Amino acid sequence: MQMYRVARRLSEVWRVRWSWAIGTALVCAAPPVAVGQETAAFFKQNCYSCHTIGGGRLVGPDLKSVSQRKDREWLVRFILNPQAMMDRGDPYAMRILEESRGVVMAQIAGLTRDRANLLLDLIEAESALEKSQFEGIKFSDRPFTELDVETGERIFNGLTRLSNGGPPCISCHTVRGLGLLGGGRLGVDLTKVSERVGGRKPLSAWLVSPATTTMQPVFKSYPMEPEEILSLVAFFENSAKQVGDDDSVAPLTFFLLGLMGMVLVLGLFDALWKNRFRAVRRPLVAGGEMRTEV
Amino acid sequence: MNVRSQVSMVFHLDKCIGCHTCSIACKNIWTDRKGTDYMWWNNVETKPGTGFPTRWEDQEKYKGGWEKKNGSISLKSTDKKRIILNIFHNPHMPSMDDYYEPWTYDYQNLFNAKEGPDQPVALPISKVTGDHINVESGPNWDDDLGGSPIYAENDPNLKGLTEQQREHLFAIERLVMFYLPRICNHCLNPACVASCPSGALYKRGEDGIVLIDQKKCRAWRSCVSACPYKKTYFNWFTGKSEKCILCFPRVETGQAPACFHSCVGRIRYLGVLLYDADRIEEVAHLPDEELIDGHRSLVLDPNDPQVVEAARRSGVHDSIVESARNSPVYKFVKEWRIALPPHIEYRTMPMLYYVPPMSPVMSERNDKTVDNVSDSLFHDIEQARIPLKFLANLFGAGHEAKVVYALRKQKAVRWYRRALTVGDVTLDEAKRMLAAADCTVEEAEAIYRLTSLCTFDERFVIPPSHREEAIEMMEDPHERRQSTGFGFLAGPRRGL
């Protein structure tokens, strides 16, 4: 029995070893085309929401011929940790920050020096083409209607579910003028988001594949449809217009609601336990009115 | 028939002088530890009065005992559903103020005070907080109707008395009172045991003493609110509840409990009663007016061969049955029927009985002589200064018949003895009274003996405890004997 167990265990170990070895060999032997495709997919997933190659700037600058603007080493450092470059006060990085109205490029998860180099290779190759595959997504530019705004609000609030099953915006974000309690406070306040990212086009592009560490894994499998993006952008633009510069969010309302809730709960407790024991001796001595009835 | 034995008690209130010797004896032995300061396992109350804790008989407030609802009885304070809902806050707990805040005095100040124009005084200090307090009440605040008239006027037993009766009761210079010493009743249907969510309370099978397991108690305090006599107390220091243990270490070794032993007025009687455990539930469901008879019917005759046989089958030792034959409690409760359970309407079936007290003789002042000879035989019972209704509220579930019976018999015995020793009543008249009070001459003599001339051994007929038999259920008595005394003494502590 004991022998049998040992033998089985050994065979298991070997099986795992073998599969690992075969996997490694396969990866190493993969053709360069496959690597290029993978990089393109990575670009689409992580960069495309803010950058185009030859399609003009979105939130971030157009990346066409970026390697002519700065040397390879600088670019790699910037891609790996944009915030660090800004903090160091690099003059070119500061200029980029200014151009994008203070929106700092997100640090992309799973980015290594090798991959950054591959990305730059891709950008160089795409820049050389006359028409890059990353020229930008085409969005309808028809003027927004009342209906768009309304649909956008319903999508934001979760009253209309996103068709591919993504979570409603309100679970993490808020927009001023939503009502008493507003939305979630986990994500940023989206009231002025369209102004912040620079208008309709960048915002639409952003929503195609949101690239922040929090949103990317959530929306990767449940992307939004172009009509939904259109409605949401309409809603965001409208909300930026509606709300002035008034910055008083509702902390006081929140506090007062909490207070009211507490009073209500205490009142409920008092009612539920209305027959609880209260003092006997003190009222008896104080009033003497308890006198046993005749 | 499931025969069990119960160490039972009779307190003869006609003899109690309210000296509190019992309370002090108990306090010195059991409750002078930290956290037990406020507990009075034995206390003596003045009646009319509100007692300890204040107005404990007011079950509208305290929710103690059982109540009959839809044909079955349930605890007033809790049930399986409510115990879960209220598990973190027992809504029927008496507050410290309804007992009293235990205090001592700052005696050191008498020695250490700085020299000054005034004598130093020892101010009261709370034994709970250690701060100076203004003492507002105590366990005997209304003793002897002292304190303030408010307390006596608020006795719940005054319910149903007329305005005139109340006036008579409290009229200046005619004021009347009696004393009610109270310990745990070691009930047959104990509400405290029924209420405990931890199962920490139990009634000992061998002698019926109700105890709290200090290792199992989890401080829920359900017993405190469930006991209608408010005789379980919460020790705020150890976080466990405690109650009268009927001095079981003394009883097991053949000694009377401390409060019995020390009783100056010799009002206390202790002896074993055999009862039918199968009928407790049935009796607890009887209507109020049948409760006393039902309760009495639970007590079995130890001379009945059927009972003796059943007792043997149930594992009650012959020596206990023998002890039951000599039990003074059996005589008072079952033969003479002059001892009554307190507040039987709480349906806990208390096993402590009281002989109701005679009021001072009603008298009329004719010039300078006091006339106390009555036309009718028992007129001063019906018109006693302590109204019958009051005693009936205490000992008869509001019904006077049983109380009247007990008082008549006592009075008849008194008159009979008077005819024999003083001679101002003719023997014929005395015998007429005895007959009217359902009492024979032999019975009168026996009552007189056990009331007035009783010796120590007549008052306390303590059954052999047969611990070896009780232990047999759990462990081998021989092993126990060899290892007892070894181990570690661990006092109760807060927590699990």
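Residues numbered from 1 in each chain as written. Chains lettered and ligands numbered in written order. Predicted model: local features only at pLDDT ≥ 70, side-chain atom pairs only at ≥ 80, totals over all residues.

Undergrad: Please explain the overall build of chain A as it appears in this structure.
TA: A tally of helices and strands in chain A yields 14 helices and 0 strands. Starting at the N terminus and walking to the C terminus, you meet the elements of chain A as α-α-α-α-α-α-α-α-α-α-α-α-α-α. Sequence separation of at least 24 residues holds for 65% of the intrachain contacts in chain A that already meet a minimum separation of 6. (Helix = DSSP H or I, 4+ residues; strand = E, 2+ residues; numbered from the N terminus. Contact = placed C-beta atoms within 7 Å.)

Undergrad: Looking at this model, I keep getting lost on the overall build of chain B. Mind explaining?
TA: For chain B, the helix and strand inventory stands at 23 helices and 16 strands. The C-alpha radius of gyration of chain B comes to 24 Å, within 12% of the 23 Å expected for a compact globule of 496 residues. Projected onto its principal axes, the C-alpha coordinates of chain B cover approximately 75 × 70 × 50 Å. The long-range fraction of contacts in chain B, counting pairs at least 24 apart against all pairs at least 6 apart in sequence, stands at 69%. (Rg over C-alpha atoms; globule rule 2.2 N^0.38 Å.)

Undergrad: How should the pairing of strand S7 (residues 178–182) of chain B be read in this particular structure?
TA: Note on strand geometry: in a regular strand, side chains alternate between the two faces of the sheet. Residue and element names in this part refer to chain B. Judged by how many residues are buried, S7 sits mostly within the fold: 5 of 5 residues are covered. The alternating pattern of S7 places Phe-178, Leu-180 and Arg-182 on one face and Tyr-179 and Pro-181 on the opposite face, and all of these are buried. With 5 bridges joining them, strand S2 (residues 43–47) and S7 adopt antiparallel strand pairing. Across the sheet, residue Val-44 finds its bridge partner in S7, namely Pro-181. (Buried ≥ 20, exposed ≤ 12 C-beta atoms within 10 Å, placed from the backbone. Pairing = 2+ DSSP bridges.)

Undergrad: I tried to follow the interface of chain A and chain B on my own but got confused; where do I start?
TA: Each partner contributes residues to the interface: chain A has 15 residues there, and chain B has 22 residues. Partitioning the side of chain A that touches chain B into residue classes produces 8 nonpolar, 2 polar and 5 charged. (Nonpolar A, V, L, I, M, F, W, Y, C, P; charged D, E, K, R; others polar.)

Undergrad: I'm lost on the nonpolar core in this one. Help?
TA: What tends to happen in soluble globular proteins is that the nonpolar side chains get buried as a cluster. If you look at the biggest cluster of nonpolar residues, it comprises 120 residues, and the most contacted ones within it are Val329(B), Phe332(B) and Tyr353(B). Counting residues per element, this core draws most heavily on helix H18 (residues 401–421) of chain B, at 7 residues. For Tyr353(B), the residues in contact, after removing those within four places along its chain, are Met9(B), Val10(B), Val329(B), Phe332(B), Val333(B), Ala339(B), Leu340(B) and Pro341(B). Membership of the second largest hydrophobic core comes to 37 residues, among which are Phe78(A), Met85(A), Val197(A) and Phe235(A). (Core = buried A, V, L, I, M, F, W, Y, C linked by C-beta atoms within 7 Å.)

Undergrad: What am I meant to see in helix H15 (residues 328–335) of chain B here?
TA: Spacing of three or four residues puts side chains on the same side of an α-helix, whose turn is 3.6 residues. Residue and element names in this part refer to chain B. Most of H15 is tucked away: 6 of the 8 residues are buried. By the burial criterion, the buried members of H15 are Pro-328, Val-329, Tyr-330, Lys-331, Phe-332 and Val-333. The positive-phi residue at the C-terminal boundary of H15 is Arg-337, with phi of around 55°.

Undergrad: Whenever I open this one, the confidence of the model for chain A confuses me. Can you help?
TA: Atomic detail in the predicted coordinates should be set aside for any region of low pLDDT. Chain-level pLDDT for chain A is 80 on average; 83% of the residues reach the 70-or-more range. Looking across chain A, the model is least confident in helix H1 (residues 2–29) of chain A, with a mean pLDDT of 55, and most confident in helix H8 (residues 146–157) of chain A, with 91. (pLDDT = per-residue confidence, 0-100.)

Undergrad: Could you clarify how one ought to interpret unusual backbone geometry in this entry?
TA: Residues apart from glycine generally show negative phi values, whereas peptide bonds are mostly found in trans. Residues and elements named next belong to chain B. Of note, the amide linkage connecting Lys-47 to Pro-48 takes the cis form, showing an omega dihedral of 0°. Take Pro-48: it is sitting in the loop between S2 and helix H2 (59–62). Looking along the chain, the bond that leaves Phe-52 and enters Pro-53 is cis, with omega of -5°. Mapped onto the elements, Pro-53 comes out in the loop between S2 and H2.

Undergrad: Would you explain the pairing of S2(B) in this entry?
TA: Counting buried residues in S2(B) gives 5 out of 5 residues, a clear majority hidden from the surface. Residues Asn43(B), Glu45(B) and Lys47(B) line one face of S2(B) and the alternating positions Val44(B) and Thr46(B) line the opposite face, and both faces are buried.

Undergrad: When you look at the sheet that holds strand S12 (residues 268–276) of chain B in this model, what are you seeing that I'm missing?
TA: Strand pairing in a sheet is mediated by backbone hydrogen bonds. Such pairs are either parallel or antiparallel. Residue and element names in this part refer to chain B. An order of S13-S12-S1-S14 is seen for the 4 strands of this open sheet, with the pairing classed as mixed. With partners counted over all chains shown, the strands left at the sheet margins are strand S13 (299–300) and strand S14 (352–355), one partner each. Strand direction decides the pairing type here: strand S1 (residues 3–12) and S12, joined by 9 bridges, are antiparallel. Paired with Met-9 across the bridge in S12 is Leu-270.

Undergrad: What should I look at first to understand the environment of Ser140(A) in this one?
TA: When you line up the elements, Ser140(A) lands in the loop between helix H7 (113–128) and H8. It is 8.7 Å that separates the C-alpha atoms of Ser140(A) and Pro226(A), two residues lying 86 residues apart in sequence.

Undergrad: Which parts of the structure should I look at to understand H8(A)?
TA: Residues and elements named next belong to chain A. With 12 residues, H8 ought to run about 16 Å at 1.5 Å a step, and its terminal C-alpha atoms sit 17 Å apart, in line with that. If you check which residues of H8 are buried, you get Asp-148, Val-149, Thr-151, Gly-152, Glu-153, Ile-155 and Phe-156. In the segment just after H8, Gly-158 is the residue with positive phi, at about 85°. (Expected span 1.5 Å × (residues − 1).)

Undergrad: How should I be thinking about the confidence of the model for chain B in this particular structure?
TA: Per-residue pLDDT for chain B averages 91, and the proportion of residues at 70 or more is 95%. In the predicted complex, the global pTM is 0.73; the interface-specific ipTM is 0.83.

Undergrad: For this particular structure, what's the right way to read the packing of helix H10 (residues 200–208) of chain A against helix H12 (residues 226–242) of chain A?
TA: In helix packing, the relevant descriptors are the interaxial angle and the interaxial distance, both defined with respect to the helix axes. Residues and elements named next belong to chain A. Packing of H10 against H12 leaves a shortest axis separation of 10 Å and a crossing angle of 130°. In terms of axis orientation, H10 runs oblique to H12. Once H10 is placed against H12, the crossing between them reads as right-handed. Across the interface between the two elements, Arg-200, Leu-203, Ser-204, Leu-207 and Val-208 of H10 pack against Ile-229, Leu-232, Val-233, Phe-236 and Glu-237 of H12. For the contact of H10 with H12, the per-class residue count stands at 7 nonpolar, 1 polar and 2 charged. (Axes fitted to C-alpha atoms, helices over the stretch in contact; angles between N-to-C directions. Parallel < 35°, antiparallel > 145°, perpendicular 65-115°, else oblique. Left-handed = near helix turned anticlockwise from the far one by under 90°.)

Undergrad: Whenever I open this one, the packing of H18(B) against helix H19 (residues 427–436) of chain B confuses me. Can you help?
TA: Residues and elements named next belong to chain B. In the contact formed by H18 and H19, the axes pass within 9 Å of each other and the chain directions differ by 165°. Viewed along their axes, H18 and H19 adopt a mutual orientation that is roughly antiparallel. Seen from above, H18 lies across H19 with left-handed handedness. Residues Ala-412, Trp-415, Tyr-416 and Ala-419 of H18 form the contact with H19, whose own contacting residues are Leu-427, Ala-430, Met-433 and Leu-434. Per-class residue counts for the contact of H18 with H19 are 8 nonpolar, no polar and no charged.

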